[in-house]
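What follows is the residue order along each chain.
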Amino acid sequence: MTTKRLNILIPTDFSDNALSALNYALNLYADQQCTFYVLHSTYVNDALDRAFEAAYTDDKENKVVESSLTALITQTLAANANPNHQFEPLRSAKELKKAVKKAVELHDIDMVVMGTKGTTDAVDYLMGSNTVKVLRDIGDCPVLILPEGYTFVAPKQIAFPTDFNRNYDIKELQSLKDLADLNQAIIRIVHVKVNNNLSEKQETNMNILKNYLEDYEHNFDWLVDSNTKAKAITAFIDEQKIDMLAMVNYKHGMLEGILKEPVIKSLAFHPTIPILVIPK
């Protein structure tokens, strides 16, 4: 486990879902020296509402938000007293994705932990519209996404789907290895077979991945290709009781592919475990 003090960003709208994300992070990093930055965005989408807010309620709202953040941190400290943890409130008038991006840059954030809300829109139902926007806008910081109402379970098995078509580097995999370190988790590398044999490129990338993870407990799971990769991975998660899913967010990668698969439009891929989204 790293001895470096970690900076963890927790966006909040003071909902139960956001509180669940905060509690998950506190449990996940219970034995780690951390500073938790609790961020609330006061951004209002409608132009008329923004004008009214700026003219009449800006100072009042700022005080309410600051008071709410202070109260949240006070309650958190009372319920989860931990000498390893410190808290810093952050308030921003920027849209959430921009607020998160700025906070990541200003405070050297190591991980963003955020909850999701289900909606009737297909992709938004998967992750929540704010979460999708953050993923699309954030730079090189990993994001841990929690399903709505998720209760903490120590991640002992982390699934890492890959098609072996891309060579991951050590820096990209660091957040995956760091999370595995926290609970001595096994990393289960998942490949959905399309062809019976790997290409030379895939073989090379698989061996590089093995070398990167040689100091971590890991294995390779080969899944038979079904109608969609999403269905195959979802079934694997359920059958093997996987605690966390880790995916690299790069163009034309598996995460993007799953998000665009027709199964998403039928809401068949609705994660019930945390997802670590690793920046490209």
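Look up a bit, the structure's there.
Computed from a prediction, not measured in an experiment: that's the story for all the values here. (Residues numbered from 1 in each chain as written. Predicted model: local features only at pLDDT ≥ 70, side-chain atom pairs only at ≥ 80, totals over all residues. Heavy atoms only, no water.)

K.L.:
For this particular structure, what's the right way to read the packing of aromatic side chains?
P.N.:
Aromatic ring pairs are described here by two measures, namely the spacing of the ring centres and the angle between the planes. The full count for this structure, using the stated rule, is six aromatic pairs. Residues F36 and F87 carry aromatic rings whose centres are separated by 5.5 Å and whose planes lie at 25 degrees to one another, so their mutual orientation is stacked. A residue pair is termed long-range when its members are at least 10 positions apart, and F36 in strand β2 (residues 34–41) and F87 in strand β3 (residues 85–92) qualify at 51 residues. Overall, the relative accessible area of 12% leaves F87 in the buried class. The lysine or arginine in question, K210, covers the ring of F220, its NZ or CZ lying 5.5 Å from the ring centre. (Phe/Tyr/Trp six-rings, centres within 6.5 Å; stacked < 30°, edge-to-face > 60°. Helix = DSSP H or I, 4+ residues; strand = E, 2+ residues; numbered from the N terminus. Buried < 20%, exposed > 50% of the residue type's maximum accessible area, 1.4 Å probe, protein only. Lys NZ or Arg CZ within 6 Å of the ring centre and 35° of its normal.)

K.L.:
Whenever I open this one, the sheet that holds strand β9 (residues 244–249) confuses me. Can you help?
P.N.:
Each strand in a sheet pairs with another by means of backbone hydrogen bonds, the pair being arranged parallel or else antiparallel. Sheet architecture is open: 10 strands sit in the order β3-β2-β1-β4-β5-β10-β9-β6-β7-β8, paired in mixed fashion. Each end of this open sheet is capped by a strand with a single partner; those strands are β3 and β8 (218–224). Along the sheet, successive strands turn relative to each other by an average axial angle of 25 degrees, direction set aside. Bridge count for strand β5 (residues 143–146) against strand β10 (residues 275–279) is three bridges, and the pairing is antiparallel. Each bridged residue has a counterpart across the sheet, and for V143 the counterpart in β10 is V277. Along the sheet, helix α6 (residues 170–182) makes contact with β4 (111–115), β6 (157–161), β7 (186–193), β9 and β10, crossing β10 at roughly 150 degrees. (Pairing = 2+ DSSP bridges. Axes fitted to C-alpha atoms, helices over the stretch in contact; angles between N-to-C directions. Contact = heavy atoms within 4.5 Å.)

K.L.:
I'm lost on the environment of I273 in this one. Help?
P.N.:
The topology assignment puts I273 in the loop between α10 (262–265) and β10. On a C-alpha basis, the gap between I273 and P147 in space is 6.3 Å, while along the polypeptide they are 126 residues apart.

Worth remembering: the numbers are spatial, not functional.
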